[in-house]
Amino acid sequence: MTEKEIRDLRQCLGKFATGVAVVTCHGTGGPCGITANSLSSVSLEPPLLLWNIAKVSNSLQAYLDAEYFAINILSAEQQALSHHFAQSDHTLFHNIDFELNANDVPLLPGTVACFECRTQQIHDCGDHYIIVGAVQSFRSDDGDPLLFFGGKYVAIAKPAE
Ligand SMILES: Cc1cc2nc3c(=O)[nH]c(=O)nc-3n(C[C@H](O)[C@H](O)[C@H](O)COP(=O)(O)O)c2cc1C
């Protein structure tokens, strides 16, 4: 594909509105986090979900090696966190509030939901890897989610009362 075709495809895919998550794991260098919107539910019984990580990601190896990871679904108030973990120095958890679960995976407070997973399968797919996780525990909290649409953060549209 030409660069224009790739740009057009990316723009077209952006029509699929998503939430935004920070996927965390425990890497050899410590806590690791990356902003991702490629989350998809796969199966309820057994409970499985997937997300994709770019092969060029600096933290790729940490996620390929990780036995456990967590999907932290960001709230509408957490746009700055999304921006932070979309940068290449995101492995730095300095000044970031988190707690470690029993598997040393960082969990972010203030999210609208969190899925704690065990890595089940990794598929090599184009310029990404698909990582499938078995959901070991999950929790859901009140609040609006952060949304991503057309390459921008957007707010949930509420019907007038
Ligand atoms: C809203 C949003 C969604 C993203 N979704 C993904 C994703 O699903 N998979 C991925 O590999 N990168 C995704 N990225 C890009 C990564 O967050 C970003 O490239 C990465 O953190 C850059 O650092 P790295 O190269 O060290 O990984 C997304 C970025 C944003 C802002």
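Attention in this report is confined to the structure presented alongside it. Every value quoted in this text rests on a predicted model; they were computed, and no experiment measured them.

Points about the site of the ligand
Among the 17 residues in the neighbourhood of the ligand, the closest are listed as T35, S38, N52, A54 and S57. Take A54: an N or O atom from its main chain is 2.9 Å from an oxygen atom of the ligand. Within the contact set of the ligand, an oxygen atom lies 3.4 Å away from a side-chain nitrogen or oxygen of S88. For the ligand, the accessible surface in isolation is 630 Å², of which the surrounding protein chains cover 79%. Comparing atom positions with the cavity grids shows the ligand to sit within the largest pocket. Elements represented by at least two residues in the shell around the ligand include exactly strand 3 (30-36) and strand 5 (48-54).

Some points on the sheet that holds strand 12 (residues 152-154)
Across the sheet, three strands lie side by side as 1-11-12; this open sheet has antiparallel pairing. Strands at the two margins of the open sheet, each flanked by one partner only, are strand 1 (18-19) and strand 12. Bridge count for strand 11 (residues 147-149) against strand 12 is three bridges, and the pairing is antiparallel. The residue bridging L147 from the neighbouring strand is V154, located in strand 12.

Description of the sheet that holds strand 6 (residues 68-73)
The seven strands are arranged 3-2-6-9-10-5-4 in an open sheet whose pairing can be described as antiparallel. Two strands close off the open sheet at either side, each with one partner strand: strand 3 and strand 4 (40-43). Going from strand to strand, the sheet's axes swing by 35° on average, the running direction of each strand aside. Where strand 6 and strand 9 (residues 113-125) come together, six bridges link them in antiparallel fashion. Directly across from A70, in strand 9, lies its bridge partner E116.

What counts, and at which threshold
Residues numbered from 1 in each chain as written. Predicted model: local features only at pLDDT ≥ 70, side-chain atom pairs only at ≥ 80, totals over all residues. Heavy atoms only, no water. Near = heavy atom within 4 Å. Polar contact = N/O pair within 3.5 Å; in protein donor to acceptor, adjacent residues only side chain to side chain. Areas by Shrake-Rupley, 256 points an atom, 1.4 Å probe, with all protein chains shown as cover. 1 Å grid on protein atoms, 1.4 Å probe; cavity = no way out; pocket = protein on both sides within 12 Å on 5 of 7 lines; lining within 4 Å. Sits in = over half its atoms within 2 Å of the grid points. Helix = DSSP H or I, 4+ residues; strand = E, 2+ residues; numbered from the N terminus. Pairing = 2+ DSSP bridges. Axes fitted to C-alpha atoms, helices over the stretch in contact; angles between N-to-C directions.

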